[in-house]
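One-letter residues, chain by chain:
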Amino acid sequence: MTMSPRLRRFALTVHIICSIGWIGALAAFLALALIGLTSRDIETVRIAYVANALITWNVIIPLALSALLTGIVQALGTPWGLFRNYWVLIKLLIILIATFMLLMKAGPISYLAAASAEDAMRADLFGLRISVTVHAAVGLLVLLWAAALGTYKPRGLTRYGWRKQQGAI
Amino acid sequence: MADPSSFPGMPRWAKVQAVMVAALFLAVLAMASGLIRHGGSAMSGHAALWGSHR
């Protein structure tokens, strides 16, 4: 199933917007997490974590799921395929892992927001604040890795892609 | 001499990145098992932020 060039360009545009939007939103999240971690002002800390939870649920999660979905559509609708090239396969795995990590962290992020709204300087939240910040930083690096793979598209066919190319399947 | 009609194999960059993906996967699995043990999940967090609809 190959898309027409016009449809392919549209799908690619949507995929790029979702993917880059996810990176931008996560960068904003990381900035707020760092402010929440280092600020001494109670109101600033409270606002940072509540904003982070709202960004997570309303921006990051929808963009992540859209990027994953449009990426799969883009791969299946073009000659690149989903399992033919190593760079597509590795990028798919990276995005699946990043999305899973995001969904697992959404709960603690919301808990941190709710707890900070009551008492922003609770000492027992320090570990969770560190964890959220570290995961955001690692998540950002992982997304940049995926973006670089999608840009460079390094050569290398999988066994399945090679067989397809040889016409054996 | 290698047969030109045989599968050329996995390129070196893909091998390196496959190891990196495996390490990332294991790290995320470890994080997820820790979160599940402590009762954290997306839905419990959603309820914490906006309240349960029950």
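Above this text you will find the structure in question.
Note on numbering: residues in each chain are counted from 1, in written sequence order. Lettering of chains starts at A and numbering of ligands starts at 1, both following the order in which they are written. Thresholds applied to this predicted model are a pLDDT of at least 70 for local features of residues and 80 or more for the giving and counting of side-chain atom pairs; totals over whole chains, interfaces and linings are not thresholded and use all residues. Hydrogen atoms and water are omitted, and side-chain values are computed over all heavy atoms in the structure.

Visitor: I'd like to hear about the layout of surface pockets, residue by residue, with values.
Guide: Residue and element names in this part refer to chain A. The volume enclosed by the largest pocket comes to roughly 600 Å³. As defined here, a cavity is a set of points on a 1 Å grid over the protein atoms alone where a 1.4 Å probe fits but cannot get out. A pocket is an open set with protein on both sides within 12 Å along at least five of seven lines, and residues line them when an atom is within 4 Å of a point. Along its surface, the largest pocket is lined by 28 residues, and His15, Gly71, Trp87, Lys91 and Gly150 are the ones closest to its centre. Helix and strand assignments come from DSSP, with helices taken as H or I runs of at least 4 residues and strands as E runs of at least 2, each series counted from the N terminus. Of all the elements in the fold, those that place two or more residues in the lining of the largest pocket are helix H1 (5-38), helix H2 (42-76), helix H3 (86-118) and helix H4 (126-152). In this classification, Asp, Glu, Lys and Arg are treated as charged, Ala, Val, Leu, Ile, Met, Phe, Trp, Tyr, Cys and Pro as nonpolar, and every other residue, Gly included, as polar. Of the residues in the lining of the largest pocket, the class split is 18 nonpolar, 7 polar and 3 charged. Grid points are joined across faces, edges and corners, and a volume is the space filled by probe spheres set on the points.

Visitor: So what about empty space enclosed by the protein? Which residues, and what values?
Guide: All names here are of chain A. In the structure shown here, the tally under the stated rule is 1 cavity of 30 Å³ or more. Considering the residues around the largest cavity, the lining is formed by 15 residues, among which Leu26, Met101, Leu102, His135 and Ala136 are closest to the centre. Going through the elements one at a time, H1, H3 and H4 are the ones with two or more residues in the lining of the largest cavity. No other element matches the 6 residues that H4 contributes to the lining of the largest cavity. The residue makeup of the lining of the largest cavity, split by class, is 12 nonpolar, 2 polar and 1 charged.

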